[in-house]
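Below are the chains, spelled out letter by letter.
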Amino acid sequence: MTPASQKATNVTWQEGLISREDRYQILRQKGATIWFTGLSGSGKSTIAIALERALFRQGKLSYRLDGDNVRLGINKNLGFSEADRRENIRRIGEVAKLFGDAGTISLSAFISPYAADRDEVRRLHEDADLRFVEVFVDCPLSEAERRDPKGLYKRARAGEIRNFTGIDDPYEAPTNPEIHLRTDRLTVEEEVSAIIGYLERHGIIESGLPDEWPSPAERGPAAGDAG
Ligand code: ADP
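Residues numbered from 1 in each chain as written. Predicted model: local features only at pLDDT ≥ 70, side-chain atom pairs only at ≥ 80, totals over all residues. Heavy atoms only, no water.

> Which residues make up the nonpolar core, and what are the values?
Ranked by internal contacts, the top residues of the largest apolar core, which has 22 residues, are I34, F36, L51, V135, I195 and L199. Broken down by secondary-structure element, the contributors of at least two residues to this core are β1 (32–37), α2 (44–57), β3 (105–109), β4 (131–138), β5 (179–182) and α8 (188–201). Considering each element in turn, this core owes the most residues, 5 residues, to α8. (Core = buried A, V, L, I, M, F, W, Y, C linked by side-chain atoms within 4.5 Å. Buried < 20%, exposed > 50% of the residue type's maximum accessible area, 1.4 Å probe, protein only. Helix = DSSP H or I, 4+ residues; strand = E, 2+ residues; numbered from the N terminus.)

> Can you tell me about the side chain of Q29, naming the residues and giving the values?
With respect to the element layout, Q29 can be found in the loop between α1 (20–27) and β1. What makes Q29 buried here is its relative accessible area of 4%. Here G103 takes part through its backbone oxygen, which lies 2.7 Å from a polar atom of the side chain of Q29. (Polar contact = N/O pair within 3.5 Å; in protein donor to acceptor, adjacent residues only side chain to side chain.)

> Can you lay out the packing of α2 against α8 for me, pointing to particular residues and giving the numbers?
Where α2 contacts α8, the two axes come as close as 9 Å, and the packing angle between them is 55°. Comparing their axes, α8 and α2 come out oblique. Crossing of α2 against α8: the hand is right-handed. Along its contact with α2, which presents T46, I47, A50, L51, A54 and L55, the element α8 presents V188, E191, V192, I195, I196 and L199. (Axes fitted to C-alpha atoms, helices over the stretch in contact; angles between N-to-C directions. Parallel < 35°, antiparallel > 145°, perpendicular 65-115°, else oblique. Left-handed = near helix turned anticlockwise from the far one by under 90°. Contact = heavy atoms within 4.5 Å.)

> Explain the layout of surface pockets to me, using residue names and the numbers behind them.
For the second largest pocket, the calculated volume is near 860 Å³. Mapped onto the lining of the second largest pocket, the elements with two or more residues apiece are α2, α3 (67–71), α4 (82–102) and α8. Looking at the lining of the second largest pocket residue by residue, the class counts come to 13 nonpolar, 14 polar and 10 charged. (1 Å grid on protein atoms, 1.4 Å probe; cavity = no way out; pocket = protein on both sides within 12 Å on 5 of 7 lines; lining within 4 Å. Points joined across faces, edges and corners; volume = space filled by probe spheres on them. Nonpolar A, V, L, I, M, F, W, Y, C, P; charged D, E, K, R; others polar.)

> Give a description of the site of the ligand that names residues and reports values.
Near the ligand lie 15 residues; those nearest to it are G41, K44, T46, L186 and E191. A distance of 2.5 Å separates an oxygen atom of the ligand from a polar side-chain atom of T46. In isolation the ligand exposes 570 Å². Once the protein is present, 75% of that is buried. When atoms are counted within 2 Å of each cavity's grid points, the one that captures over half of the ligand is the second largest pocket. Every element with two or more residues in the shell around the ligand is listed here: α2 and α8. For the shell around the ligand, the leading source of residues is α2, giving 3 residues. Partitioning the shell around the ligand into residue classes produces 4 nonpolar, 8 polar and 3 charged. (Near = heavy atom within 4 Å. Areas by Shrake-Rupley, 256 points an atom, 1.4 Å probe, with all protein chains shown as cover. Sits in = over half its atoms within 2 Å of the grid points.)

Written as structure tokens, this is what we have:
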């Protein structure tokens, strides 16, 4: 049956000749969505960036879907009203699902304040038989506000930004996340290790792979693309 939210009718999913398992095999990993959720300044981007690097060094393909980057592109017509926040998350969820089907480990770093929206993205993945790993990036508001890496809390307190999560918009904490990180108590390294450990235990990546891939900095600026 066509869901009420679907405008186009008479559309069906077209299967190709190469399966998801085929793609997983050439990448030597399984596709998955790591979904970071937490207050602004809680550490979502910091952890996603460090995790991307750690995975890269193990020869694993991941791709960050990050707040501003997405809002500059696919979601540039969306603001911060409740309806737009919902649509923002829905679209990111669909994009993450495509990445997972392609075999990539996508790292979604968005506040995603509403539990119902996160649950919908989870359901979307479960229906498609794709792994969804919700990571609660948990940091007390007072600490996030003290960090204030982009100066946004200051502006929200001054009334320059409205509907700011934690100040005048709600944040609904996950009740049963796959991974719960207290970023006021852990180091970034410990947080990354916790996620890598989860991915290994759940067969998304192989465990014990050597740290054999050089980081971009170690590889040097011109390596790999000479000529
Ligand atoms: P978000 O993406 O959730 O808005 P950011 O990652 O942009 O948050 O900012 C988090 C800030 O907190 C950064 O300045 C980071 O260096 C700092 N920070 C301090 N300790 C941690 C930690 N354990 N984990 C993640 N970030 C931390």
